[in-house]
Amino acid sequence: MREVFRRPRGTQDILPDQVSRWRTVEEKFRHWCGLYGYWEVRTPAFESRALFERTVGDATDIVEKQMFRVGPPKADEGRPEQKEKEEWVLRPEGTAPVARAVLENGLLSRQSLVKLFYVAAIFRYERPQAGRLRQHHQCGVEALGSGDPALDAEVIDLGWNFLNDCHIEGLSVFLNSIGCLQPECRPRYRQDLLNYFWQKESLLCKDCRRRLQSNPLRILDCKEETCQPVARKAPKSWEYLCPACQDHFSRLQDHLSGMGIPFEIDGHLVRGLDYYQRTVFEFRHMGLGAQNTILGGGRYDGLIEELGGPATPGVGFGCGIERVLLAMVPTPNEQEQSAVIDVFVAPLTKAAQKEGVKLLSALRKKKIAADMDYSEPKNPTGTEELRSLKGQMRQAHKRRARLVIIIGDDELTRNFLTVRDMVEHRQWTVAFGDAVAKITAYILGQRDPSLR
RNA sequence: GCGGGCGUAGCUCAGCGGUUAGAGCGUCAGGCUGUGGCCCUGAAGGUCGCGGGUUCGAGUCCCGUCGCUCGCCCCA
């Protein structure tokens, strides 16, 4: 094979036979969001690099090495008069852009609680593997303006119902609280954790030693064999929660229990993004391989403030659509959803094709799904021949057309059309003049038998 | 950034170091005049990812390279 253009590493072409699966997931998500009172928002695919540095955290992997940079065109690159000193990146996550949009457009000055959802492409420069791509798609929700744990519960409940509606089996909910920024809460915990890990430094992997400086909470999460036992015996975050965080956490658990959502406390669940406070959660699916988190989220009460707005609490989650698709049990009829058409027009000569094309257009205007064969004759010069009737009938059958309209010399000279019902194996003729009306009526009658 | 596996037709894959590299599916055409599903026949389609090496001889062995894939890291 000659050299061809290939899609960029870690991206996917979603071909027609897969698109229906995507649409069902997206439609289910929109449906559930609607029931919970969330409104769709769409933000740009790229944002200021600083937005993510500030919110996600500049010591996180995402900011350190996973952001795709986008810049001005080559011709503009070195120009002194170029004003854009700002750096732009493809969005590596969904929450910060939504928070930015809420703040920038003053949505919270119109109402005290803003509930939004999004479906968006997310970009991260990583080595692809099963369930991990450089461009993936997330559907997510963000609820800003309330710190009530009932709102945390609502968000989790929404995710839970959505994923169950997608027929995902073997889903587990993991929950934790990483406290708040009050001195007696996370900072105190962090300090004790640091003391503990420094004592065990020799037992830690080299990444974790680095994390001692940058992000000690993440050591809890390390999968390295040597770090695991150390992490397991580390102080637990919930033992350090300040009274307010403790109350929040236990009320959330009450709500979830009341909603009948099974969950498990995971003291090692910290999540990689800096903006989280208090609640963090993940929905994991067994049997997805290494990347088994389908949905993840938490509370981010300091985020809006960090962006220069008023102190505003918020909760949300992001859910990986590709991972949902991997986890969904495929329903049998899902594969055979090739487009079914109502009418296939089969002209036998170029003269007949002129009539056929007119008929096609007229039928489609009547909302009848119609098509014909466009394959070019093998001998384009001279002959009047199109594809043989047999060939066209085969096409019609493959397209699962209900009716085939045959137009040949007989039809042309005597002003009628031959109509064949491919299901009932019957055929009849119709005068040219009322062909469109008759065919339309027949198809509508087939679709809804009560019209017959 | 680091490991493992794999690159043969559009797709899924056979192919013990030895002639002109195969199958199934798909595509196209035919099976007497203008009629579909099944069946039968035939055709098109491959520089065996690329480059080097070993050998009388390489799709097959070795090295490199690129790509894909799985895993580590991290995350959805």
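Cut-off values and rules
- Residues numbered from 1 in each chain as written.
- Chains lettered and ligands numbered in written order.
- Predicted model: local features only at pLDDT ≥ 70, side-chain atom pairs only at ≥ 80, totals over all residues.
- Heavy atoms only, no water.
- Helix = DSSP H or I, 4+ residues; strand = E, 2+ residues; numbered from the N terminus.
- Rg over C-alpha atoms; globule rule 2.2 N^0.38 Å.
- Buried < 20%, exposed > 50% of the residue type's maximum accessible area, 1.4 Å probe, protein only.
- Contact = heavy atoms within 4.5 Å.
- Areas by Shrake-Rupley, 256 points an atom, 1.4 Å probe, with all protein chains shown as cover.
- Lys, Arg positive; Asp, Glu negative; His and termini not counted.
- Charge placed at Lys NZ, Arg CZ, Asp CG, Glu CD.
- Axes fitted to C-alpha atoms, helices over the stretch in contact; angles between N-to-C directions.
- Parallel < 35°, antiparallel > 145°, perpendicular 65-115°, else oblique.
- Left-handed = near helix turned anticlockwise from the far one by under 90°.
- Nonpolar A, V, L, I, M, F, W, Y, C, P; charged D, E, K, R; others polar.
- Near = heavy atom within 4 Å.
- Polar contact = N/O pair within 3.5 Å; in protein donor to acceptor, adjacent residues only side chain to side chain.

### A look at the overall build of chain A
Here is step 1 of the chain: If you tally the helices and strands in chain A, you get 15 helices and 16 strands.
Here is step 2 of the chain: Here the C-alpha radius of gyration of chain A, 30 Å, is well above what a compact globule of 452 residues would show, namely 22 Å.
Here is step 3 of the chain: Residue burial in chain A is summarised as follows: out of 452 residues, 48% are buried.
Here is step 4 of the chain: Restricting the contact set of chain A to residue pairs at least 6 apart, pairs at least 24 apart contribute 68%.
Here is step 5 of the chain: Total accessible area on chain A is roughly 24200 Å²; 51% of this is exposed by carbon and sulfur atoms.
Here is step 6 of the chain: Across chain A, 65 positive and 61 negative side-chain charges occur, with their mean positions spaced 4 Å apart.

### Some details on helix α4 (residues 95-104)
Here is step 1 of the chain: A large share of α4 lies buried, amounting to seven of its 10 residues.
Here is step 2 of the chain: Along α4, the positions that sit buried rather than exposed are T95, A96, P97, V98, A99, A101 and V102.
Here is step 3 of the chain: Where α4 is buried, its residues meet β2 (46-48), α2 (49-55), β5 (114-123), β6 (135-144) and α10 (303-306).
Here is step 4 of the chain: A positive backbone phi angle near 60° is found at G106, which sits one or two residues after α4.

### Points about the packing of helix α12 (residues 350-365) against helix α15 (residues 435-447)
Here is step 1 of the chain: For the pair α12 and α15, interaxial distance at closest approach is 10 Å and the crossing angle is 50°. Taken together, the axes of α12 and α15 are oblique relative to one another. At the point where α12 passes α15, the crossing takes the right-handed sense. Residues L359, A362 and L363 of α12 form the contact with α15, whose participating residues are V436, I439 and T440.
Here is step 2 of the chain: Of the residues assigned to the contact of α12 with α15, the class counts are five nonpolar, one polar and no charged.

### Quick word on the protein's contact with RNA strand B
Here is step 1 of the chain: Around RNA strand B, 50 residues are found, and the nearest of them are R124, R132, R211, R271 and H425.
Here is step 2 of the chain: Across the atoms of RNA strand B situated within 4 Å of the protein, the share located in sugar and phosphate is 52%.
Here is step 3 of the chain: Here a base nitrogen of RNA strand B and a side-chain polar atom of E411 are 2.8 Å apart.
Here is step 4 of the chain: Q427 places a polar side-chain atom, nitrogen or oxygen, 2.6 Å from a base oxygen of RNA strand B.
Here is step 5 of the chain: For the surface near RNA strand B, the element with the most residues is helix α13 (residues 389-398), which contributes seven residues.
Here is step 6 of the chain: Tallied by class, residues from the surface near RNA strand B come to 11 nonpolar, 18 polar and 21 charged.

### Concerning the environment of N176
Here is step 1 of the chain: Tracing the chain through its elements places N176 in strand β7 (residues 171-177).
Here is step 2 of the chain: For the pair N176 and W428, spaced 252 residues apart in the sequence, the C-alpha separation amounts to 70 Å.
Here is step 3 of the chain: Not counting the four nearest positions on each side in its chain, N176 is found in contact with S237, W238, F249, D266, G267, H268, L269, R278, T279 and V280.
Here is step 4 of the chain: A polar contact is formed between the side chain of N176 and the backbone oxygen of G267, at a distance of 3.3 Å.

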